[in-house]
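# A closer look at the structure
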Amino acid sequence: MNKGFVVRASKFRHVFGKSVKKEEHYENVQSNASAPDSNLVDASPRYFAVPWRGGGGPFVVWPLNKTGRLPQDVPMCTGHGGPIMDLQFSPFCGDGDQIIASASDDTTTKIWKVPSEGLEKDLDEAAATLSGHYKKVILVRWNPIANNVIATVSFDNTIKLWDVESGKEKGSFGDHPDAIQSFDWNFNGSRYATYCKDKQARIIDPRNNETVNTYGGHQGTKAARFSWLGDRPMFCTIGFSKQSERQIFFWDERDCSKPLSEVQIDIASGTLLPFFDPDTSLLYLAGKGDTNIRYFEIEDTDPFQYYLAQFLGKDPQRGLCMVPKRGLDVDKCEITRFLRLSQNAIEPVSFSVPRKGDQFQSDIYPDTFAGKCSLSGADWFNGANAGPMMKSMNPADSTVRPVVKGSSQT
């Protein structure tokens, strides 16, 4: 080792990703959905959901613990008049009924209540239908803090906020001049951010219905993504240069003049999907059509990111999602699990920290989101803010407590 060379201290330098055994994959997945702005698959701690082949925009909600080949006559959620464009489980799904939202080409968003024991037959009647857009709905995102608050993004270039309990539209933002490609709520759900085809990232105050800041984006013509980086005042955008290089820009949200840092990734055609884990400060990037998942550790000081490694799979991925922390195996020191959607299967990929011993590893498992709401929808729409409810990953500790950090964000 050269004199003066210092190895950066990190608990996550040796994180590695590994595909599970073939018999633990989900086979016979008949999804031919094509939604360029969506991750295409989503998961709760107990189930995953994926659009399915067939008329009327069906999708399947399937238990994570039932691996292997899905039946040919798998029960589906049906009721849309067009293909599914996006799916997202409520962040407050526990052991009871699973609440999931579906966005469709038919201009509507539907809210579904899937029984806790799963579907035994087709579910053709949604619990609620949210109608108001006049073009297809391309993204649907639950507020991470407030109960029954959801945002829908449409090809009509508007973002609408809804009170799911009443089924009523509570606000509409229409200042984007072109197609909206990405949407992300911040850590405490008080603001959201977008990336638009006009090559601008925007932070928006949803209750005052105004743009807070606008940031110059990537100069390439292909779609880009936006991701907040936990409760720190930083975010990143992932897009393309004029030369079609895939790149990451890191920003201080308080300074829209220039990025903090720019990182060139590679030259490829697929859009990189960002997944940030606020517990470990790890940022995962996975491209549609790629076979790999790269991961970086994010820090608050220059250079703000450190490349760690990548997982290499066999089949190209059409979509991905992260399983919520409450669905992970702490006995195996698992810190993240992805579901990779390929042509006709879903492959779980587990990321772990190598450790010896069978005791709970508290240093790699800080308190995580508890899956409980902190605010009612009414309080949130009236201007209240709060941090997320947190719980220990230690199976012996079931205490739920409010977080202190992040609760003061505006």
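Not measured: the values here are computed from a predicted model. (Residues numbered from 1 in each chain as written. Predicted model: local features only at pLDDT ≥ 70, side-chain atom pairs only at ≥ 80, totals over all residues. Heavy atoms only, no water.)

Right, let's get into the layout of surface pockets. The computed volume of the second largest pocket comes to approximately 940 Å³. Mapped onto the lining of the second largest pocket, the elements with two or more residues apiece are strand E1 (16-19), strand E28 (334-341) and strand E29 (345-352). Within the lining of the second largest pocket, the residues separate by chemical class into 15 nonpolar, ten polar and 14 charged. (1 Å grid on protein atoms, 1.4 Å probe; cavity = no way out; pocket = protein on both sides within 12 Å on 5 of 7 lines; lining within 4 Å. Points joined across faces, edges and corners; volume = space filled by probe spheres on them. Helix = DSSP H or I, 4+ residues; strand = E, 2+ residues; numbered from the N terminus. Nonpolar A, V, L, I, M, F, W, Y, C, P; charged D, E, K, R; others polar.)

On the basis of which strands lie adjacent, the open sheet formed by three strands has the order E30-E31-E32 and antiparallel pairing. With one partner strand each, in any of the chains shown, strand E30 (368-369) and strand E32 (400-402) form the two edges of the open sheet. Relative to E32, strand E31 (residues 389-391) runs antiparallel, the two being bridged by three bridges. Residue Met 390 lies in a different strand from E32, and its bridge partner there is Arg 401. (Pairing = 2+ DSSP bridges.)

Pairing geometry for strand E17 (residues 200-205) and strand E18 (residues 210-216), over six bridges, is antiparallel. Bridge assignment links Ile 204 to a residue of E18, and that residue is Thr 211.

Enumeration over the complete set of coordinates arrives at zero disulfides. Residue Cys 256 stays outside any disulfide, its sulfur separated by 16 Å from that of Cys 196, the closest cysteine. What makes Cys 256 partly exposed here is its relative accessible area of 34%. (Disulfide = S-S within 2.5 Å. Buried < 20%, exposed > 50% of the residue type's maximum accessible area, 1.4 Å probe, protein only.)

Turning our eyes to something else, we now look at the confidence of the model for the protein chain. Looking at the protein chain as a whole, its pLDDT mean stands at 92, while 95% of the residues score no less than 70. Here residues 405-409 scores under 50 on pLDDT; set against residues more than four positions off or in separate chains, the count is 15 contacts. (pLDDT = per-residue confidence, 0-100. Contact = heavy atoms within 4.5 Å.)

With antiparallel pairing, four strands are arranged side by side in an open sheet as E23-E24-E25-E26. Both outer strands of the open sheet, strand E23 (272-277) and strand E26 (305-312), are each paired with one neighbouring strand and no more. Strand after strand, the sheet turns through a mean of 20° between neighbouring axes, direction not considered. Of the strand pairs in this sheet, strand E25 (residues 292-298) and E26 are connected by seven bridges, and their pairing is antiparallel. Of the residues in E26, the one forming a bridge with Phe 296 is Tyr 307. (Axes fitted to C-alpha atoms, helices over the stretch in contact; angles between N-to-C directions.)

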